[in-house]
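Chain residues, written in single-letter form:
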Amino acid sequence: MNAAIIFGLLIALMLTGMPISIALGLSVLTFLFTMTTVPIEAVALKLFTGIENFEIMAIPFFILSGNFLTHGGVARRMINFATAMVGHWHGGLGLAGVMACALFAAISGSSPATVVAIGSIILPAMVAQGFPKRFGAGVITTSGALGILIPPSIVMVMYSVATSGAVVFGPDGQRVSSASISTLFVAGVIPGLMLAALLGLTTWYRARKFGYPRMPKATWRDRWVAFRKSVWGLLLIVLVLGGIYSGAFTPTEAAAVSAVYAFVIALFVYRDLTWRDVPRVLLDSANMSAMLLYIITNAVLFSFLMTSEQIPQAMASWITGAGLNWVVFLLIVNLLLLVAGNVMEPSSIVLIMAPILFPIAAKLGIDPVHFGILIVVNMEVGMCHPPVGLNLYVASGITRMGITELTVAVWPWLLTMLIFLVIVTYVPAISLWLPRFLGMM
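Conventions we followed
Residues numbered from 1 in each chain as written. Predicted model: local features only at pLDDT ≥ 70, side-chain atom pairs only at ≥ 80, totals over all residues. Heavy atoms only, no water. Helix = DSSP H or I, 4+ residues; strand = E, 2+ residues; numbered from the N terminus. Expected span 1.5 Å × (residues − 1). Bend = angle between axes of the 7 residues up to and from the residue. Buried < 20%, exposed > 50% of the residue type's maximum accessible area, 1.4 Å probe, protein only. Contact = heavy atoms within 4.5 Å. Salt bridge = Lys/Arg side-chain N within 4 Å of Asp/Glu carboxyl O. Axes fitted to C-alpha atoms, helices over the stretch in contact; angles between N-to-C directions. Parallel < 35°, antiparallel > 145°, perpendicular 65-115°, else oblique. Left-handed = near helix turned anticlockwise from the far one by under 90°. Core = buried A, V, L, I, M, F, W, Y, C linked by side-chain atoms within 4.5 Å. Patch = residues over 30% accessible without salt bridge, like charges linked within 9 Å, V, L, I, M, F, W, Y side chains within 5 Å. Areas by Shrake-Rupley, 256 points an atom, 1.4 Å probe, with all protein chains shown as cover. Nonpolar A, V, L, I, M, F, W, Y, C, P; charged D, E, K, R; others polar.

*Asks:* So what exactly am I meant to see when it comes to helix α12 (residues 220-246) here?
*Replies:* Since there are 3.6 residues in each turn of an α-helix, residues three or four apart along the chain are aligned in direction. When the terminal C-alpha atoms of α12 are compared, their 32 Å separation across 27 residues is substantially less than the 39 Å that a helix rising 1.5 Å per residue should span. By the largest-angle criterion, Val-231 marks the main kink of α12, which is about 60°. Residues of α12 that are buried include every one of Arg-223, Ala-226, Ser-230, Gly-233, Leu-234, Leu-236, Ile-237, Val-240, Leu-241, Gly-243 and Ile-244, and no others. Looking at the buried side of α12, the elements it contacts are α4 (58-71), α5 (74-86), α6 (92-108), α10 (181-187) and α13 (251-269). Where α12 terminates, the next one or two residues include Gly-247, which has phi positive at roughly 85°.

Given below as structure tokens:
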């Protein structure tokens, strides 16, 4: 009954057009002050302690790093390198777009940033070479979603933070710990590369089917020159992921290092960024960080209410009592997250749903790392379909195409992503093999 009241109030406030962060806070405060005896001091304390988390600091640093790279010409050099490697295949520029998105995703952690950085450069080139605008828009909109699956990933940080305070128990009664950020980053490598390969295969097949242009094959000298020019950006992948996996620094420290490194190469090495641009980049990063941190603050309060009312535990008991196994549960989770993706953006979905679903998943014996990757892939799909798909709106601004037209354009790649979602849901080894191989689990 309490769960129905809380979620009913939240949905009612969201339907008024109120921002999700404010709707979350109002729902919690209304319920706390009218139906419980929780003192106001406890609410204020929870708001403060919930956001006082060392791992949350990774979010603004990764955002800042991505913005420096977006404005700093790193994307253009990665596109040139990708084009030199795969441009001679069917749909060469489209395949280069997929490859460039995968490379940029490994240094930005953000899907919209990947779409902007790669799409704004490669889409005009594809149209000029004779590709239909719909084809290019479909490639970049969906490949840009790799930004939250290939590590580092802001959404993975949010999942780890959202589930870190939960007290959950497995089917054997043993306490289950939430997934660490570094383990999630490792777990995202193989699924990210698999999805990039599947999106590339879809691009190649459609380009071959419809006879889209190919580029002349680059010589090995051309490839070496393109690699040498892009190497400073590619080194960031080694610096961040290598530093985390070797234990040299934590994910939060890696985010700070990436921000400083991106600033240096954009301003002093490539010199595509001027001192005059720096205040604007800092302000844009601060605005985006403030928005996400405000959502996190209210989501922490929402999670506190869920825990105090024992709602996740009650749902877990009901599901196990009803005899539902992990196969059916994961199907329900996928459907629930895909529906949520129609009305909410990824950060809100993760921060609201993860604390509720995570205890149930643990009770059914589902690994927290596998569950986290499953949620991230669902968020990728949600970013590519209307009405609130962030990548659609970003791509719409670049291509000057309407959301309806873009929705039609992305469907072949979106179907590929849905097939991949089913595979990654029911084959946990895709997510878990690499962390286990490296001794992180």
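So much for the structure itself; the text now carries on.
*Asks:* Explain the pattern of salt bridges here, please?
*Replies:* Oppositely charged side chains can form a pair if their charged atoms are brought close together. Scanning the entire structure with this criterion turns up four salt bridges. Between Asp-272 and Arg-76 there is a salt bridge, with its nearest N and O atoms 3.6 Å apart. On the criterion of sequence distance, the pair formed by Asp-272 in the loop between α13 and α14 (278-308) and Arg-76 in helix α5 is long-range, its members being 196 residues apart. The class for Asp-272 is partly exposed, based on a relative accessible area of 28%. Overall, Arg-76 belongs to the partly exposed group, its relative accessible area being 36%. For the salt bridge of Asp-277 with Arg-280, the shortest nitrogen-to-oxygen distance reads 3.4 Å.

*Asks:* Got a minute to help me understand the environment of Val-257 in this structure?
*Replies:* Relative to the helices and strands, Val-257 is located in helix α13. Among the residues examined, Val-257 registers a relative accessible area of 29% and is labelled partly exposed. When the C-alpha positions of Val-257 and Ser-65 are compared, they lie 8.9 Å apart, and in sequence the two are 192 residues distant. When residues no more than four places from it in sequence are discounted, the contact partners of Val-257 are Leu-239 and Phe-249.

*Asks:* I tried to follow the side chain of Ser-65 on my own but got confused; where do I start?
*Replies:* Following the sequence through the fold, Ser-65 ends up in helix α4. If we ignore the near neighbours within four places in the chain, the residues touching Ser-65 are Ile-107, Leu-236, Ser-258, Ala-259 and Ala-262.

*Asks:* Which parts of the structure should I look at to understand the packing of helix α9 (residues 154-164) against helix α17 (residues 346-363)?
*Replies:* Helix-helix packing: each pair is described by the crossing angle between the helix axes and the interaxial distance. At a minimum axis distance of 9 Å, the contact between α9 and α17 shows a crossing angle of 40°. If you check the angle between α9 and α17, you find them oblique. Of the two elements, α9 crosses α17, and the hand of that crossing is right-handed. Residues Val-155, Met-158, Tyr-159, Ala-162 and Thr-163 of α9 form the contact with α17, whose own contacting residues are Ser-347, Val-350, Leu-351, Ala-354, Pro-355 and Phe-358.

*Asks:* So what exactly am I meant to see when it comes to unusual backbone geometry here?
*Replies:* Across residues other than glycine, the phi torsion is negative in most instances, and most of the peptide bonds are trans. With an omega of 0°, the peptide bond running from Pro-151 to Pro-152 counts as cis. Checked against the element boundaries, Pro-152 lands in the loop between α8 (133-143) and α9. For Arg-271, which is not glycine, the phi dihedral falls at a positive 60°. By secondary structure assignment, the location of Arg-271 is in the loop between α13 and α14. Of the residues examined, Arg-271 reaches a relative accessible area of 65% and is grouped as exposed.

*Asks:* What's the story with the nonpolar core in this structure? I'm lost.
*Replies:* Among soluble globular proteins, nonpolar side chains are generally buried collectively. Counting 148 residues, the largest nonpolar core has Ile-118, Tyr-159, Phe-302, Phe-329 and Phe-371 as the members making the most contacts within it. No other element matches α6, which puts twelve residues into this core. Contacts of Tyr-159, omitting those with residues within four sequence positions, involve Ala-179, Leu-184, Val-350, Ala-354, Phe-358, Pro-368, Phe-371, Gly-372 and Ile-375.

*Asks:* I tried to follow a nonpolar patch on the surface on my own but got confused; where do I start?
*Replies:* A cluster of nonpolar side chains, contributed by Trp-232, Leu-235, Val-238, Val-260, Val-264, Phe-268, Val-269 and Trp-275, occupies part of the molecular surface with about 760 Å² of accessible area. Of all the secondary structure elements, the ones that give two or more residues to the nonpolar patch are α12 and α13. When residues in the nonpolar patch are grouped by element, the largest group, four residues, is from α13. Here Trp-275 is to be found in the loop between α13 and α14. With a relative accessible area of 56%, Trp-275 lands in the exposed category.

*Asks:* How should the packing of α8 against helix α19 (residues 390-399) be read in this particular structure?
*Replies:* Look at α8 against α19: their axes get within 10 Å of each other, and the N-to-C directions meet at 140°. Compared by their axis directions, α8 and α19 come out oblique. Two packed elements cross with a definite hand, and for α8 against α19 that hand is right-handed. Packed against α8, whose contacting residues are Lys-133, Ala-137 and Thr-141, the element α19 presents Asn-391, Leu-392, Ala-395 and Thr-399 at the interface. Looking at side-chain class alone, the contact of α8 with α19 contains three nonpolar, three polar and one charged residues.

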